[in-house]
Amino acid sequence: MAPEDAAGDTAGDAVEQSIRITAEALRDGSLIAAARLRMSDGAALRSDAEIEASLDAMLASHPPGQDVWLFGYGSLMWNPAMHYAESRPGAVRGWHRSYCLWAHMGRGTPEAPGLMLALDRGGSSVGMLFRFPSATARAELLLPWRREMFTGGYMARWVRVDTEDGPVRAATFVANRAYPRYAGRLDEAVIAASLAVAAGGLGSCVEYLVQTLTVLRAHGRTDHRLERLERAVLRASTKSAR
């Protein structure tokens, strides 16, 4: 999950590939500044103050002095761009990983939109947990907050994540169904057709899919729907190459 994971209009989606999503670029604000300059299509963007207010509201309901966990399920797993003390795999229930946000930039274009992942209601999803010591939690969490909460594509919420060491309460980003580019539950053939061809300044949707599955496999986990999509995308790519 990353600007790449947002609704196609997050900080990372709005910039060129030459500007990498890094902790430094998120911390000094240069990534968001570049994104705001490029986004001239009237998209409603959150201000820096609104992004920080969202984070503070989340942390206000967290026990003071306790470490904070963040659950990632997309590009946050393979490009976290934040400093954390520990990571481990886990599974969240009640939310499933879904290609439900259209991307017109970053990994897509208005003419050939891509699709990005979000957690949507129902089912379950495996992903990665990241732990932040209480003393540095706000400063570090501000980086993924800037990355994912740049537009209204995501909402932040607390979820329970099951791990081999027991359950963990973690923050994560879920799809905002009221967002204009929320795609809903699409047929897998429609998703695969988009992923097979969509690309933008940050790279291709195929790369995003492969990277996500690579991390899951490295930790002995999988996502059967993503596996099917990968096979369908490879078949589509093979046909187009003939």
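Residues numbered from 1 in each chain as written. Predicted model: local features only at pLDDT ≥ 70, side-chain atom pairs only at ≥ 80, totals over all residues. Heavy atoms only, no water.

Now, about the overall build of the chain: what can you tell me, with residues and values included?
On a plain count of helices and strands, the chain comes out with 8 helices and 7 strands. Relative to its 242 residues, the chain shows a buried fraction of 55%. Restricting the contact set of the chain to residue pairs at least 6 apart, pairs at least 24 apart contribute 75%. By element, 53% of the accessible surface of the chain is carried by carbon and sulfur atoms, the whole surface being about 10,200 Å². (Helix = DSSP H or I, 4+ residues; strand = E, 2+ residues; numbered from the N terminus. Buried < 20%, exposed > 50% of the residue type's maximum accessible area, 1.4 Å probe, protein only. Contact = heavy atoms within 4.5 Å. Areas by Shrake-Rupley, 256 points an atom, 1.4 Å probe, with all protein chains shown as cover.)

Just give me the short version of the nonpolar core, but keep the residues and values in it.
Counting residues in hydrophobic clusters, the biggest one holds 73 residues, and the most contacted among them are Tyr99, Trp145 and Phe173. If you tally residues by element for this core, the top one is strand β3 (residues 114-132), at 10 residues. Leave out the neighbours within four places in its chain, and tryptophan 145 touches Ile51, Ser54, Leu55, Met58, Phe150, Ala156, Ala171 and Phe173. (Core = buried A, V, L, I, M, F, W, Y, C linked by side-chain atoms within 4.5 Å.)

I'd love a proper account of the packing of aromatic side chains, names of residues and values included.
Within this structure, the stated rule accounts for 5 aromatic pairs. Summarising the aromatic geometry, the rings of tryptophan 78 and tyrosine 208 are spaced 5.7 Å apart at their centres and angled 80° between planes, so their arrangement reads as edge-to-face. Linking tryptophan 78 in helix α4 (residues 75-78) with tyrosine 208 in helix α7 (residues 205-218), this pair joins segments that are 130 residues apart in sequence. The pair formed by tryptophan 78 and tyrosine 208 is uniform in burial state, with each residue classed as buried. Relative to phenylalanine 173, the ring of tyrosine 154 has its centre 6.2 Å away and its plane inclined at 40°; by these criteria the two rings are tilted. Of this pair, tyrosine 154 sits in strand β4 (residues 154-163) while phenylalanine 173 sits in strand β5 (residues 166-175), and the two are 19 residues apart along the sequence. An identical accessibility class is assigned to tyrosine 154 and phenylalanine 173; each is buried. (Phe/Tyr/Trp six-rings, centres within 6.5 Å; stacked < 30°, edge-to-face > 60°.)

Kindly report on helix α3 (residues 48-60), identifying the contributing residues and their values.
The end-to-end C-alpha distance of α3, which contains 13 residues, comes to 18 Å, matching closely the 18 Å that a straight helix rising 1.5 Å per residue would cover. Looking at α3, one finds that the buried residues are Ile51, Ser54, Leu55 and Met58. Looking down the long axis of α3, one finds its buried residues gathered within 95° of arc, a one-sided arrangement. Along α3, exposed side chains directed more than 90 degrees from the buried face belong to Ala49, Ala57 and Ala60. (Expected span 1.5 Å × (residues − 1). Arc of directions from axis to C-beta.)

Could you give me a rundown of α7, with the residues and numbers involved?
Spanning 14 residues, α7 covers 20 Å between terminal C-alpha atoms, matching the ideal 20 Å at 1.5 Å per step. Buried residues of α7: Cys205, Tyr208, Leu209, Thr212, Leu213, Val215 and Leu216, and no others. The buried residues of α7 occupy an angular sector of 155° when projected down its axis, which confines them to one face. Phi turns positive, to about 70°, at glycine 220, one or two residues after α7.

I'd like to hear about the pairing of β3, residue by residue, with values.
In terms of burial, β3 is a largely internal element, 15 of the 19 residues being buried. Pairing of strand β1 (residues 68-72) with β3 involves 5 bridges; the strand directions are antiparallel. Its bridge partner lying in β3, tryptophan 69 is registered against arginine 131. Note: strand β2 (residues 86-103) against β3, 16 bridges, orientation antiparallel. (Pairing = 2+ DSSP bridges.)

Run through the environment of serine 47, naming residues and quoting values.
In this fold, serine 47 is placed in the loop between α2 (30-38) and α3. Each C-alpha atom of the pair serine 47 and methionine 149 lies 9.8 Å from the other, and the pair is 102 residues apart in sequence.

Outline the environment of glycine 72, listing residues and values.
Residue position: glycine 72 is located in strand β1. What makes glycine 72 buried here is its relative accessible area of 0%.

Break down the pattern of salt bridges for me, with residues and values.
Enumeration over the complete set of coordinates arrives at 17 salt bridges. A salt bridge links aspartate 223 to arginine 97; its shortest N-O distance comes to 2.9 Å. Of this pair, aspartate 223 sits in the loop between α7 and α8 (224-241) while arginine 97 is found in strand β2, placing the two residues 126 residues apart along the sequence. For the pair aspartate 223 and arginine 97, a shared accessibility class is recorded, and that class is buried. The partner of arginine 147 in a salt bridge is glutamate 148, and the shortest N-O contact between them spans 3.8 Å. (Salt bridge = Lys/Arg side-chain N within 4 Å of Asp/Glu carboxyl O.)

I'd like a rundown of the pairing of β5, residues and numbers included.
Of all 10 residues in β5, 8 are buried, a share of seventy percent or more. In this sheet, β5 lies alongside β1 in parallel orientation, the contact comprising 2 bridges. Counted as the bridge partner of tryptophan 69 is alanine 170 from β5. Here β4 pairs with β5 via 10 bridges, running antiparallel. Residue pairing across strands places methionine 155 opposite valine 174, the latter belonging to β5. Turn length for the β4-β5 hairpin, with the two strands adjacent in sequence and antiparallel, is 2 residues.

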